[in-house]
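# Understanding the architecture of this molecule
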Amino acid sequence: MVSPPPPPPTETAPSAPSPPPLGVRFVSAGLAACVADLATFPLDTAKVRLQIQGEVSPRGHDPGAGVGVGTRPGVLSLSRNDFKYRGMISTVHVITREEGVRALYNGLVAGLQRQLCFASIRIGLYDSVKQTYIGIFNAKDVSGSNVGLRILAAITTGAVAVSAAQPTDVVKVRMQAEKRTKNARYKGCLDAYRTIGSTEGIRGLWKGVLPNITRNAVVNAAELVSYDLIKEWLLRRRLMSDRMPCHFVSAFGAGFCTTVVASPVDVVKTRYMNSPPGVYRGAVDCAVATYRAGGLVAFYKG
């Protein structure tokens, strides 16, 4: 009697690749953010100059609009004709002409320090925090319909990252906001940390942390939700297939929506962090003063 042939070996599905170690995620996220920051830093400097235009600097003059008299200490009421900067490209041109190309990179060291700290924590911890929330809420499909958990994870890691990196953000904004002159407030990045700490205390280094956390929450929520809604609309109307062009259009639209929603918080954050002690009683007071001085348009500078 001939024995039957052995059954063919069963093919096992390839296992999903394991995520990289936490240290690798931290380092790669921080370095990638630094490379992006190097490329976009001049535009960020121009944005800061536009956002603080109309405010009095600690030395009594407006770094972007000349000398003026305000209705309260630190806040100017100037017409648009008095403003020096007239747009992103014009701002870059004016800074380069009056202060040199190096002025576009004022605060770069602090900016890179911020990215190493902020991006490393925010991106490096995101997957771990997301998986923790999946376990807590017994979720199964976080990449599909469960957008809420992704937003919650992004807001959580963003809040931790902002809290840790806030001193670097304060120094970066203040150095970007001031003209590159011999009488500048700070001689360099380390001098800025030392001066702020000695004159304003530890609270000065963490000034504006709450509006910064708020801005991060608004950005994450608006970006993720708008991306999913735009992509879903494009696919439902059959305007595009689920390929790279569809993702690009969705990301572009999400970026636009996020900027419109988050710009007011970003302006208040920048102005409040850059302000000397005693100018504003808090972030809400800064927002009210900004509205009174420039109306709704002031919240969309930069």
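Everything numeric in this text was worked out from a predicted model, so none of it was measured.

## Here's the deal with unusual backbone geometry
In terms of backbone geometry, most residues other than glycine have negative phi values and most peptide bonds are trans. Backbone geometry places arginine 238, a non-glycine residue, at a positive phi of 60 degrees. Position of arginine 238 among the secondary structure elements: in the loop between α7 (209-236) and α8 (244-274).

## Quick notes on the packing of helix α5 (residues 147-177) against helix α6 (residues 189-205)
Remark: α5 packs on α6, axes separated minimally by 10 Å, with the N-to-C direction vectors making an angle of 115 degrees. Crossing geometry of α5 relative to α6 is assigned as right-handed. For the pair α5 and α6, contact is made by Gln166, Pro167, Thr168, Val170, Val171, Arg174 and Met175 and by Cys189, Ala192, Tyr193, Ile196, Glu200, Gly204 and Leu205, respectively. Across the contact of α5 with α6, the residue classes break down as nine nonpolar, three polar and two charged.

## A closer look at a nonpolar patch on the surface
A contiguous nonpolar surface patch, about 400 Å² in accessible area, is contributed by Phe256, Val260, Val261 and Tyr300. Within the secondary structure, valine 260 sits in helix α8. Relative accessible area serves as the criterion here: at 36%, valine 260 is assigned to the partly exposed category.

## Remarks on the environment of alanine 46
Relative to the helices and strands, alanine 46 is located in helix α1 (residues 22-52). According to the relative accessible area criterion, alanine 46 is buried, its value standing at 0%. Linking alanine 46 and glycine 302, residues 256 residues apart in sequence, is a C-alpha distance of 7.4 Å.

## Re the pattern of salt bridges
What the rule picks out here adds up to 18 salt bridges. Of the charged contacts in the structure, one is a salt bridge between lysine 172 and aspartate 44, with a shortest N-O distance of 2.7 Å. Placement of the pair is lysine 172 in helix α5 and aspartate 44 in helix α1, with a sequence separation of 128 residues. The buried category is assigned to aspartate 44, whose relative accessible area is 19%. For arginine 185, the salt bridge is made with glutamate 178, and the minimal N-O distance between the two is 3.3 Å.

The rules we used
- Residues numbered from 1 in each chain as written.
- Predicted model: local features only at pLDDT ≥ 70, side-chain atom pairs only at ≥ 80, totals over all residues.
- Heavy atoms only, no water.
- Helix = DSSP H or I, 4+ residues; strand = E, 2+ residues; numbered from the N terminus.
- Axes fitted to C-alpha atoms, helices over the stretch in contact; angles between N-to-C directions.
- Left-handed = near helix turned anticlockwise from the far one by under 90°.
- Contact = heavy atoms within 4.5 Å.
- Nonpolar A, V, L, I, M, F, W, Y, C, P; charged D, E, K, R; others polar.
- Patch = residues over 30% accessible without salt bridge, like charges linked within 9 Å, V, L, I, M, F, W, Y side chains within 5 Å.
- Areas by Shrake-Rupley, 256 points an atom, 1.4 Å probe, with all protein chains shown as cover.
- Salt bridge = Lys/Arg side-chain N within 4 Å of Asp/Glu carboxyl O.
- Buried < 20%, exposed > 50% of the residue type's maximum accessible area, 1.4 Å probe, protein only.

Note that every value here comes from positions in space, so none of it alone points to a role or purpose.
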